[in-house]
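Reading the structure
Below are the chains, spelled out letter by letter.
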Amino acid sequence: MGLQEKLRREARTLADKKEAKATPESKAARAAEGRGTYKAQQAAATGTSEKKRRVGTKMVPLPSDYIVPERDAYLTPALECRHLGIDFGGLHAVENFNLTVGKTEIAGLIGPNGAGKTTVFNLLTKVYQPTRGTILLDGMDTAHMSTDKVCQLGIARTFQNIRLFPSLTVEENVMIGLHNQVRCGMWSGIFRAPRYWLAEREFHRKSLELLDVFGMADQADAVAGSLPYGAQRRLEIVRALATDPKVLLLDEPAAGMNPSETSDLMDNIIKIRDQFQIAVLLIEHDMDLVMGICEGIVVLNFGKVIAKGTPDQVQANPQVIEAYLGVQDEEA
Amino acid sequence: MIERIKKMGRASKSDLITYALVAAAFIIVQLLLMNGVITSSLRGQLVPICVYIVMAMSLNLVVGISGELSLGHAGFMSIGAFAGVVAASALTGFIGAPIPRLLASMLIGGILAGAAGFLIGIPVMRLQGDYLAIVTLAFGEIIKNILNNLYVGIDGAGIHISFTSVGALAMDGGKVIINGPQGAVDIEKLSTFAIGFALVVFALAVILNLVRSRSGRAIMAVRDNRIAAESVGINTTKYRMMAFVVSAFLAGMAGALYAMNYSSIVPKKFDFNTSILVLVFVVLGGMGNIRGSIISATVLTILPEALRPIADYRMLLYAIVLIAVMLVSNSTHLRMLIDSLKARLRRDPDDDGPAGEAPEGGENVG
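Worth saying up front: this structure is predicted, and the values here are computed from it rather than measured.

What follows is about helix α13 (residues 290-306) of chain B. Residue and element names in this part refer to chain B. For α13, which comprises 17 residues, the first-to-last C-alpha distance of 24 Å matches the rise-based estimate of 24 Å (1.5 Å per residue) to within 8%. Taken residue by residue, α13 has Ile290, Arg291, Gly292, Ser293, Ile294, Ile295, Ser296, Ala297, Thr298, Leu300 and Thr301 as its buried positions. Residues of α13 that are buried make contact with α2 (10-35), α4 (46-65), α8 (193-211) and α12 (272-285).

Next up on the list: the packing of α12(B) against α13(B). Residue and element names in this part refer to chain B. Put simply, α12 and α13 touch, their axes get as near as 8 Å, and they point 125° apart. What the angle tells us is that α12 and α13 run oblique. Two packed elements cross with a definite hand, and for α12 against α13 that hand is right-handed. From α12, Phe281, Val282, Leu284 and Gly285 reach across to α13, where they touch Gly292, Ser293, Ile295, Ser296, Ala297 and Leu300.

We now examine the confidence of the model for chain B. Residue and element names in this part refer to chain B. On average, residues of chain B score 85 in pLDDT, and 92% of them are at 70 or above. Here helix α1 (residues 2-7) stands out as the element of chain B with the lowest mean pLDDT, 67, in contrast to helix α11 (residues 236-259), whose mean of 95 is the highest. Predicted confidence is poor over residues 349-366, with pLDDT under 50, and the contacts of this stretch with residues over four places away or in other chains come to 39 contacts.

All names here are of chain A. With 18 residues, helix α10 (residues 259-276) extends 25 Å between its outermost C-alpha atoms, agreeing within 8% with the 26 Å of an ideal straight helix rising 1.5 Å per residue. Residues Thr262, Leu265, Ile269 and Ile272 constitute the buried set of α10. Seen from one end, α10 has its buried residues packed into an arc of 75°, which puts them on one side. Exposed residues on α10 whose side chains face more than 90 degrees from its buried face are Ser260, Asp267, Lys271, Asp274 and Gln275. For α10, the elements touching its buried residues are β3 (106-110), α9 (229-242), β8 (279-283) and α11 (287-293). Just downstream of α10 lies Gln277, where phi reads positive at about 55°.

Moving on to the pairing of strand β4 (residues 132-137) of chain A. Residue and element names in this part refer to chain A. Strand direction decides the pairing type here: strand β1 (residues 79-88) and β4, joined by five bridges, are antiparallel. Bridge pairing links Arg82 to Thr134 in β4. Where β4 lies against strand β5 (residues 140-141), two bridges are found, and the strand directions are antiparallel. Within the sheet, the bridge partner assigned to Leu136 lies in β5 and is Asp141. The hairpin formed by β4 and β5 contains two residues between the paired strands, and Asp138 there has a positive phi angle of roughly 50°.

The next thing to look at is the interface of chain A and chain B. Contacts between chain A and chain B engage 31 residues on the former and 24 residues on the latter. Within the residue set of the side of chain A that touches chain B, elements represented by two or more residues are α5 (147-153), α6 (170-177), α7 (186-190) and α8 (194-213) of chain A. The residue inventory of the side of chain A that touches chain B, partitioned by class, reads 15 nonpolar, nine polar and seven charged.

Reading the values: rules and limits
Note that residues are indexed from 1 along each chain, following the sequence as it is written. Numbering of ligands from 1 and lettering of chains from A proceed in the order in which they are written. Note on the predicted model: pLDDT of at least 70 is required for a residue's local features to be given, and 80 or more for side-chain atom pairs to be given and counted; whole-chain, interface and lining totals, by contrast, use all residues. Helix and strand definitions here come from DSSP, where helices need a minimum of 4 consecutive H or I residues and strands a minimum of 2 consecutive E residues; each element is numbered from the N-terminal end. Each residue after the first adds 1.5 Å to the expected span of a helix. For every residue, the other C-beta atoms within 10 Å of its own C-beta are counted; 20 or more classify it as buried, 12 or fewer as exposed, and values in between as partly exposed. C-beta atoms are placed from the backbone. Working definition of a contact: two residues with C-beta atoms, positioned from the backbone, lying within 7 Å. Every axis in this analysis is a line fitted to C-alpha atoms, fitted for helices over the stretch in contact. Angles between the N-to-C directions lie between 0 and 180 degrees. Put simply, angles under 35 degrees are roughly parallel, angles over 145 are roughly antiparallel, angles from 65 to 115 are roughly perpendicular, and the rest are oblique. Crossing chirality is assigned from the near helix's rotation relative to the far helix, an anticlockwise turn below a right angle marking it left-handed and a clockwise turn marking it right-handed. The predictor rates its confidence in each residue with pLDDT, a number between 0 and 100. The arc in question is formed by the directions pointing from the helix axis toward the C-beta atoms. In this scheme, strands are said to pair when DSSP sees at least two bridges between them. In this count, Pro and Cys sit with the nonpolar residues alongside Ala, Val, Leu, Ile, Met, Phe, Trp and Tyr, while Asp, Glu, Lys and Arg are called charged and the others, Gly among them, polar.

Now the structure itself:
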């Protein structure tokens, strides 16, 4: 717990610096100033003209065309990506990905197959380390962190192809999600110290509480692998929620669900957001779900953001229509 | 009491059955010993049976519960064995009573084996799957070869260690404890069946308590799905290492007990074949099934002894039993038959303890 607090504090000071830079007014000045002193040092060291260097500097704006729900406008965004990119060999799988998700926003990430949506999730959760760019999680920089560290900082996800712990029970799956919420070391576990019993009671109570959100408490003792498909998807969301996230990433939560299950899921996502006050970023191909609950939408194609906006804006965007349906024939 | 048992979860009930089974086995063996039914050759096997049970359970922690195929388990056993022998000699002056001295030696053997497990774990835990298996095999052989060249003696000045020859020990009287490839000689026979049984119970408690705790769930999560485990904030390396080190520690304790059951012991005893033998116990008893490991280690250690009368054919029969058990435990038809029998037995809803006769394969922990 101490480590986490320390990490957070460290990251916050880092992020503060970054944010100061990011404010449009101060940005140019700061950058120029920073450059200036750096240049001055360089000039002093090498003797080249300071003026000559400055001419060559091309200033570019940091992306500032973010939209977030009005209620979140004055809060630190839950998630910010700046110029995020990753290369696989020579392929730019994701390039210049910029996104801001408000503190309690439900955001959608859509795009045709192979657009790089899941790669973005893998970047956010550090399954891949980004080649370029910054990810700020609640204002904290996550550079060089491992998957388990960023999870401790508050990012949780579900998977496109369900990844539960199939041989364990439903309750144990949630308990594993609670891993960093309840503490009990190896020794107290082996010797069944009083700490162990307290921790186990806490694990039990919290996991049932979380399962209750989806009405799954009565299935607590079932083996996770034997659950029906829809229940497995729900359990994955519960497990992700158990890590006490600030951002919940859902990778195709409605895949393989029928319309009535999908509409239940939509209600549940909104319920989760309201109850836990967290941000949700979801990848989904079911447009009824995306257009129904997402407040902001980002469209990705070939690793690049091609459109951003509210559902209405995105639906009207010609580039989005082109990406999904192809170029319209002029004569038709 | 019965009310409490009824209220317990499935897992705790299964654990209770395992403890009961071990306790019952101990009582039965004690009764048989008192009546002199057990032959002397079988009596000599009692401590090795306990040792192999602990070996199988500890390897099961790595192979079945942590999900890493380790082929160098005998290496940790040998570290425990030789460290234990040296410790027992060195402690002669301090602890006179044999049982505390044996326990202290076992603890030292276990700690050294655990430390070796940690050191080996640093490179090994960077690997997965087949690569991990092969590297553990290599480390097992390295340990054996180091012990083959280890000379340890003790005299008034303390412990002397050399890697070249007995002469290089520069001993002033005293006695040589470990003599290179000839191994440890003149070992004081401290091991008893009671201590062996105590070690089994201790190892069983350590493993079951670990598995039912937060750390154990993390270990199983890493086994079931590494990526998902990482995504819920589990440091996978830490928990794989935890299983590996605890397993090495228990193997070291078992090794110390094993060594002190004989008057001499050679490093060659702890080679690849021993690692595989223990792995056979684990696979036969069922991956992740602790009770199964206990049963299979017992049966497969007694079997060659029990078959001694048919001398020439005994290893053949041993092999056939192995094949038969593997086939039977993996047959779907038979599994279905057993399941339907169980379902019929379970008409009483409280009676869901799976009978502990046939070691069954599968992922269940018990």
